[in-house]
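Okay, here's what each chain looks like letter by letter:
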Amino acid sequence: MSRDVARIFADIDAFDPAKFVAHLTPDARFRFANADPVTGRAAIEEAVTGFFATIDGLTHHIRNVWEFGDTAIAQIDVEYRRKDGKTVTVPNADILIYDGDLVRDWQIYIDVAPVYA
C-alpha cells in the first residue's frame, strides 16, 4: 500500500469493505460522521459493511489534498447512490493520519442526512 489518497478512495468506491480496510493498520481508529469511533480492521470492516448496506454505491470526487508530515487532509464531494435510485452529493473532509504507508486514524467529517432525506 502507499499514501496514494486517490487510490484509497477508488478502493472505497469499489464498494468492497475488505479492500478499504487493507489500507488501515490492524489497530486503526475510524470515525464516520457522528457515529462512535471504531477500532481495529475487523470492527471497521463491519461498520463499513453496515453503512454500505444502506446505499447502492458511492463515488468520491476529490477536490484537494493537503499533506503535512504523517497527516493528509482531503476535501471531497461524495456522490451517493441511494436505494431509491436517486443520487445525492454532499461535501466532506477527511483527516487521515498515517503510520508508514497505512492509515492509523481516519476521521470523516460529513453530514449524511441528505442521503436519507
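Described in the following lines is the structure provided in the data block.

Conventions adopted
- Residues numbered from 1 in each chain as written.
- Predicted model: local features only at pLDDT ≥ 70, side-chain atom pairs only at ≥ 80, totals over all residues.
- Heavy atoms only, no water.
- Helix = DSSP H or I, 4+ residues; strand = E, 2+ residues; numbered from the N terminus.
- Rg over C-alpha atoms; globule rule 2.2 N^0.38 Å.
- Contact = heavy atoms within 4.5 Å.
- Areas by Shrake-Rupley, 256 points an atom, 1.4 Å probe, with all protein chains shown as cover.
- Lys, Arg positive; Asp, Glu negative; His and termini not counted.
- Charge placed at Lys NZ, Arg CZ, Asp CG, Glu CD.
- Phe/Tyr/Trp six-rings, centres within 6.5 Å; stacked < 30°, edge-to-face > 60°.
- Buried < 20%, exposed > 50% of the residue type's maximum accessible area, 1.4 Å probe, protein only.
- Core = buried A, V, L, I, M, F, W, Y, C linked by side-chain atoms within 4.5 Å.
- Pairing = 2+ DSSP bridges.

**Some words on the overall build of the chain**
Phase 1 of the analysis: When helices and strands are counted, the chain shows 4 helices and 6 strands.
Phase 2 of the analysis: Its C-alpha atoms give the chain a radius of gyration of 13 Å, within 12% of the compact-globule value 13 Å for 117 residues.
Phase 3 of the analysis: Over its C-alpha atoms, taken along the principal directions, the chain stretches across nearly 40 × 30 × 25 Å.
Phase 4 of the analysis: Partitioning the intrachain contacts of the chain with sequence separation of at least 6 by distance along the chain shows that 47% fall at a separation of at least 24.
Phase 5 of the analysis: Within the structure as shown, the chain displays about 6,000 Å² of accessible surface, and the carbon and sulfur contribution to it stands at 52%.
Phase 6 of the analysis: Positive and negative side-chain charges in the chain, numbering 12 and 19 respectively, have mean positions lying 3 Å apart.

**Some words on the packing of aromatic side chains**
Phase 1 of the analysis: Taken as a whole and judged by the stated rule, the model has 8 aromatic pairs.
Phase 2 of the analysis: Between Phe 51 and Tyr 80 the ring centres are 6.0 Å apart and the planes differ by 90 degrees, which places this aromatic pair in the edge-to-face class. Residue Phe 51 is located in helix 3 (residues 41–52), and its partner Tyr 80 is located in strand 4 (residues 71–81); the two are separated by 29 residues in the primary sequence.
Phase 3 of the analysis: With relative accessibility at 2%, the residue Tyr 80 sits in the buried group.
Phase 4 of the analysis: An aromatic cluster of three or more residues is present, and its members are Phe 15, Phe 32, Phe 51, Phe 52 and Tyr 80.

**Side note on the nonpolar core**
Phase 1 of the analysis: The biggest cluster of nonpolar side chains holds 32 residues, and the ones touching the most others in it are Phe 20, Phe 32, Tyr 80, Trp 106 and Ile 110.
Phase 2 of the analysis: Mapped by element, the contributors of at least two residues to this core are helix 1 (5–13), helix 2 (17–21), strand 1 (24–32), helix 3, strand 4, strand 5 (87–99) and strand 6 (102–110).
Phase 3 of the analysis: It is strand 4 that provides the largest number of residues to this core, a total of 5 residues.
Phase 4 of the analysis: The residues contacting Ile 110, other than those within four sequence positions of it, are Phe 32, Ala 33, Val 78, Tyr 80, Val 90, Pro 91 and Asn 92.

**What to know about unusual backbone geometry**
Phase 1 of the analysis: Notably, Phe 15 is not glycine yet its phi reads approximately 65 degrees, a positive angle.
Phase 2 of the analysis: If you trace the backbone, Phe 15 turns up in the loop between helix 1 and helix 2.
Phase 3 of the analysis: Residue Phe 15 is classed as partly exposed on the basis of its relative accessible area of 28%.
Phase 4 of the analysis: Even without a glycine there, the phi angle at Ala 33 is positive, about 55 degrees.
Phase 5 of the analysis: Locating Ala 33 in the fold gives a position in the loop between strand 1 and strand 2 (38–39).

**Concerning the pairing of strand 1**
Phase 1 of the analysis: Where strand 1 meets strand 6, 5 bridges bridge the pair, whose relative direction is parallel. Within strand 6, the position partnered with Phe 32 by the bridge is Ile 108.
Phase 2 of the analysis: Relative to strand 2, strand 1 runs antiparallel, the two sharing 2 bridges. Following the sheet pairing, Arg 29 is matched in strand 2 by Thr 39.
Phase 3 of the analysis: Here strand 1 hands over to strand 2 after 5 residues, with Ala 33 in that stretch at a positive phi of 55 degrees.

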